[in-house]
Amino acid sequence: NARQLAGILAEKFETTRDVDDLYEAIKIVKNLVDELQQGVTVKSTLHTWTVFREYGDLLLRKFGETGQINDLNESRKYYELALRTAPYHSYQRAGTIHNYAGTLLKLYENTKEVEHLDKSIDAFREAIRLNGGNDALILYNCGMSLMTRVEHRHKRNSGERDENFSQDLEDALKYLRD
């Protein structure tokens, strides 16, 4: 099936770094996305939201190759769509939120728009809540995002600490220690 082929091509890309494989996988999944958005009957809700998530994943990989901010914006859009259509109790939800948070963090790093950083931290915290704090990578990424916000606030306030500075610092240390 098309999703399996796209997955194999994406894995091949990870091994060979041949961008043609990545672009072919993106084209395949984009066709599935277009069908879903045109109202083509799908087998299940699971299929719908996972196609959106997979497209977001592929666009994030593409950003890693091209550095084009548009790929990040599109990735964010499709993660948001996936999360709106995903069953709340899906075991994959925390991972999808984690990827979404990572995309928001990359948007912050590239645009310096603090809104992206704040949303990223909120999303990381939601992923931690959903998985009970049992994923070291999510804990680490949340901690590092909080440290980025601490540094941003410190620079913005010319070294003065605001009321949120200490809480962010404490939370970052907690997540990084866990």
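Scroll up to find the structure.
Within each chain, residues carry numbers counting from 1 in the order of the written sequence. Only residues with pLDDT of 70 or above have their local features reported here, since the model is predicted, and side-chain atom pairs are shown and tallied only from 80 upward, although totals for entire chains, interfaces and linings are computed over all residues. Working from all heavy atoms in the structure, the side-chain values ignore hydrogens and water.

Asker: How would you sum up the pattern of salt bridges? Please name residues and give values.
Answerer: Each salt bridge in this description consists of a side-chain nitrogen of Lys or Arg and a carboxyl oxygen of Asp or Glu lying within 4 Å of one another. Under the defined criterion, the tally for this structure stands at 14 salt bridges. Overlapping salt bridges, with partners in common, bring together Arg3, Arg53, Glu54 and Asp57 in one network.

Asker: Give me the lowdown on helix α2 (residues 19-37), citing residues and values where you can.
Answerer: Compared with the 27 Å implied by 1.5 Å per residue over 19 residues, the 26 Å span of α2 between its first and last C-alpha is a close match. N-cap assignment for α2: the residue whose side-chain oxygen lies 3.0 Å from the backbone N of aspartate 20 is aspartate 18. Looking one or two residues beyond α2, the residue adopting positive phi is glycine 39, at roughly 85°. Secondary structure elements follow DSSP: runs of H or I of four or more residues count as helices, runs of E of two or more count as strands, with numbering from the N terminus. Multiply 1.5 Å by the residue count of a helix minus one, and that product is the helix's expected span. Two N or O atoms count as a polar contact when they lie within 3.5 Å, although within protein this holds only if one can serve as hydrogen donor and the other as acceptor, and sequence-adjacent residues are included solely when both atoms are side-chain atoms.

Asker: Let's hear about the environment of glycine 95: which residues, and what values?
Answerer: When you line up the elements, glycine 95 lands in helix α5 (residues 93-111). When a residue's accessible area, from a 1.4 Å probe over protein chains only, is under 20% of the maximum for its type it is buried; when over 50% it is exposed; and in between it is partly exposed. Residue class for glycine 95 comes out partly exposed when judged on its relative accessible area of 34%. It is 9.0 Å that separates the C-alpha atoms of glycine 95 and asparagine 131, two residues lying 36 residues apart in sequence.

Asker: Describe in detail the packing of helix α7 (residues 136-156) against helix α8 (residues 163-177), supporting the description with residues and values.
Answerer: Axis lines are fitted to C-alpha atoms, over the contacting stretch for helices. Their N-to-C directions set the angle, which ranges from 0 to 180 degrees. Contact geometry of α7 with α8 gives a least axis separation of 8 Å together with a crossing angle of 155°. Here α7 lies roughly antiparallel to α8, going by the angle between them. The chirality of how α7 crosses α8 is left-handed. Here Leu139, Tyr140, Cys142, Gly143, Met144, Leu146, Met147, Arg149, Val150, Arg153 and His154 of α7 come into contact with α8, specifically with Asn164, Phe165, Asp168, Leu169, Asp171, Ala172, Tyr175 and Leu176. The residue makeup of the contact of α7 with α8, split by class, is 12 nonpolar, three polar and four charged. The labels follow the angle: roughly parallel below 35 degrees, roughly antiparallel above 145, roughly perpendicular from 65 to 115, and oblique for the rest. For any pair of crossing helices, the crossing counts as left-handed if the nearer helix is rotated counterclockwise from the farther one by less than a right angle, and right-handed if it is rotated clockwise. In this analysis, two residues are considered to be in contact whenever any of their non-hydrogen atoms come within 4.5 Å of each other. Basically, the charged four are Asp, Glu, Lys and Arg, the nonpolar ten are Ala, Val, Leu, Ile, Met, Phe, Trp, Tyr, Cys and Pro, and anything else, Gly included, counts as polar.

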